[in-house]
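Overview (structure and organization)
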Amino acid sequence: MIDRSTDQTVPEVTSADPEAPASRVTELTRGLDRALGFVAGLSFASNLIVGAMLPILPLFAVAVGASPRELALIVSVSAVATAGGLMVGGFATERFGPRRLLPAGFAFYGIATLLTSIAGSVAPILTWRLVAGLGSGAYIVGERLYVRQVADRTRLAFANGVLQTAASAGLIIGPVLGGAVADASDLRTPIVAVGIAGVVMAVVSMLLPARRRPDSADTPPASDAPVHLDRLGLSVLLLAEMALVAGYGSFITTFAPFAADVRRWSTTEIGIAFSLFALGNLIAAPWIGAAADKWGRSRVGAVATLPITVFAVALLFPISTAILYLLVLGAGAGVAGFTASWFATLGAATGGPQGGRAFGIVTSISSLGIVVGALLAGQLWEALDIRDGMAVTVVAMVLAGVFMALYGDRPRVPRPMLDPEPA
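A short tour of the structure in this document, coming up. Since the model is a prediction, treat every value here as computed from it, not as a measurement.

Turning our attention to the overall build of the protein. Of regular secondary structure, the protein possesses 15 helices and zero strands. Here the protein holds 423 residues, and 51% of them are scored as buried. Across the protein, every contact between residues at least 6 apart in sequence was considered, and the portion connecting residues at least 24 apart equals 85%.

Listed below in structure tokens is the structure:
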């Protein structure tokens, strides 16, 4: 059984007819606050904005004279800045609350993007992408901690799955929209539009209601006893997420070149694969999240790495494109399931006072795995072969599943992670 203090399961349906559609919908949405719909809409908007920049920023940087090395530096600076925003946001939420981080994150991102649009060289692009990354990190940690306040602790994985679905929809539409606007005008126009949208969403997000459910993971305990954090457990969760994002970093470094040069896929076929991955993420996130709430978040999160690993391995063999497309759809579902399970597990494990600080530290450090995975895959590709670089994805996903399984059904232990040791 799952320990009730950290990873509660969903009670059984008590309806007279649990098979009725209305009963299933009622049970699926039980323990959710209406504010979740608002924050899901903001998640869609934020990822739409970020997605619109994905195909544009590299082209814009090249247009102002960026070299391949400088392009890689822009990506790395943005990733490191996002990690910094996650950590700073985690500390700030204890003073200001997670709700205030959302407009701040949108504002930082929007203003920095507007300033990027007038850049005439690489240096200002680097500067403003650093600021935008800080805004993104602050928004992400605020968003996840806010969800922890407005959902029943036993429905936390499902709530994170809803958020994941909204984000995936934004990432599917955003790149298409950004590319279409650029084709109809020039490269600066979509960047200006994204900047304006970020500022507008900063204003909209200020309307997010301030509330905390009494049955949420963020609610302090009724007793006066302090909430202690499990250092070992949080370290295991950190390693699990770091392994997953390292696998993602190695995948985005090697997949497109491998598919084009070795499998002889066209650009369209590669684009279809990415779209199917996002589609699998979109469709599966809430359902796998609900399953994690019912059967155990660490268990479901570990199992969710299997379809990702299978797809990464299958790429290395002469398998038909149709089968690979089915596998990439499953891989997208696996990433969605792992992410929903992991955020819910971390949210429950860091509930109560000062939990935001621990939440920010873990998400910040683990997010740097993308840099580790990308660099390691690139080094192996250059020194050996692209297949060796792709093997990083396989190993990383296996490790992510192992660490998630090792976390298990951990009770809290009477030792604080961040407070000083008792004398």
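All chains considered together, the criterion is met by eight aromatic pairs. Ring geometry for F251 versus F255: centroids 4.8 Å apart, planes at 15°, classification stacked. With F251 and F255 both in helix 9 (residues 231–261) and four residues apart, the pair spans about one turn of that helix. Exposure remark for F251: the relative accessible area of 14% places this residue in the buried category. Between F255 and W265, the aromatic rings sit 6.1 Å apart at their centres with planes inclined by 80°, giving edge-to-face as the arrangement. Taken together, the residues F255 in helix 9 and W265 in the loop between helix 9 and helix 10 (267–295) connect sequence positions ten residues apart. Across the pair, exposure class does not vary: F255 and W265 are buried alike. By way of ring pairs, the aromatic residues F251, F255, W265, F311 and Y325 are connected into one cluster. The ring of F343 is capped by R144, whose NZ or CZ atom sits 4.0 Å from the centre of that ring.

Looking now at unusual backbone geometry. Unlike most non-glycine residues, R264 shows phi in positive territory, near 60°. Along the chain, the position of R264 falls in the loop between helix 9 and helix 10. According to the relative accessible area criterion, R264 is exposed, its value standing at 66%.

Another aspect to go through is the nonpolar core. Core analysis: the biggest nonpolar cluster contains 44 residues, and V39, L42, F106, I125 and V147 have the highest contact counts within it. Residue assignment for this core shows that the elements contributing at least two residues are helix 2 (35–53), helix 3 (57–63), helix 5 (101–117), helix 6 (122–150), helix 7 (156–184) and helix 8 (188–205). No other element matches the nine residues that helix 2 contributes to this core. Within the second largest apolar cluster, 28 residues are counted, among which are L234, L238, A304 and A358.

Once that is clear, we can look at the packing of helix 5 against helix 6. Contact geometry for helix 5 and helix 6: axes closest at 7 Å, N-to-C directions at 160°. It follows from the interaxial angle that helix 5 and helix 6 lie roughly antiparallel. The crossing of helix 5 and helix 6 is left-handed. The residues of helix 6 that touch helix 5, namely those facing L101, L102, G105, F106, F108, Y109, A112, T113, L115 and T116, are I125, W128, R129, V131, A132, G135, S136, A138, Y139, V141, G142 and E143.

For the rest of this paragraph, the subject is the environment of I252. Turning to its location among the elements, I252 is positioned in helix 9. A relative accessible area of 38% places I252 in the partly exposed class. Placed 122 residues apart in sequence, I252 and A374 show a C-alpha to C-alpha distance of 7.7 Å.

Quick look at the pattern of salt bridges now. All told, the structure shown has one salt bridge when counted by the stated rule. Among the salt bridges present, the one from R297 reaches D293, with a minimum N-O distance of 3.0 Å. Of the two residues examined, R297 and D293, each falls in the buried class.

Next up on the list: a nonpolar patch on the surface. A cluster of nonpolar side chains, contributed by V50, L54 and L171, occupies part of the molecular surface with about 230 Å² of accessible area. Among the structural elements, L54 can be located in the loop between helix 2 and helix 3. L54 gets classed as exposed once you look at its relative accessible area, which sits at 51%.

Time to look at the environment of M404. Examined against the element boundaries, M404 turns out to sit in helix 15 (residues 386–407). Each C-alpha atom of the pair M404 and A304 lies 10.0 Å from the other, and the pair is 100 residues apart in sequence. When residues no more than four places from it in sequence are discounted, the contact partners of M404 are L237, A240, R297, S298, G301, A302, F338, S341, W342 and T345.

For the rest of this paragraph, the subject is the side chain of T339. By the element assignment, T339 lies in helix 12 (residues 321–349). Residue classification places T339 among the buried positions, given a relative accessible area of 10%. Every residue in contact with T339, bar those within four places of it in the chain, is listed here: R144 and Q164.

Each α-helix winds once per 3.6 residues, and so residues spaced three or four apart point in a common direction. The end-to-end C-alpha distance of helix 7, which contains 29 residues, comes to 42 Å, matching closely the 42 Å that a straight helix rising 1.5 Å per residue would cover. The axis of helix 7 is deflected most strongly, by about 25°, at G174, and proline P175 appears within four residues downstream.

All right, on to helix 5 then. With 17 residues, helix 5 extends 24 Å from end C-alpha to end C-alpha; this agrees with the ideal 24 Å at 1.5 Å per step. Among the residues of helix 5, those classed as buried are L101, L102, P103, G105, F106, Y109, G110, A112, T113, T116 and S117.

So, how was this worked out
Residues numbered from 1 in each chain as written. Predicted model: local features only at pLDDT ≥ 70, side-chain atom pairs only at ≥ 80, totals over all residues. Heavy atoms only, no water. Helix = DSSP H or I, 4+ residues; strand = E, 2+ residues; numbered from the N terminus. Buried < 20%, exposed > 50% of the residue type's maximum accessible area, 1.4 Å probe, protein only. Contact = heavy atoms within 4.5 Å. Phe/Tyr/Trp six-rings, centres within 6.5 Å; stacked < 30°, edge-to-face > 60°. Lys NZ or Arg CZ within 6 Å of the ring centre and 35° of its normal. Core = buried A, V, L, I, M, F, W, Y, C linked by side-chain atoms within 4.5 Å. Axes fitted to C-alpha atoms, helices over the stretch in contact; angles between N-to-C directions. Parallel < 35°, antiparallel > 145°, perpendicular 65-115°, else oblique. Left-handed = near helix turned anticlockwise from the far one by under 90°. Salt bridge = Lys/Arg side-chain N within 4 Å of Asp/Glu carboxyl O. Patch = residues over 30% accessible without salt bridge, like charges linked within 9 Å, V, L, I, M, F, W, Y side chains within 5 Å. Areas by Shrake-Rupley, 256 points an atom, 1.4 Å probe, with all protein chains shown as cover. Expected span 1.5 Å × (residues − 1). Bend = angle between axes of the 7 residues up to and from the residue.

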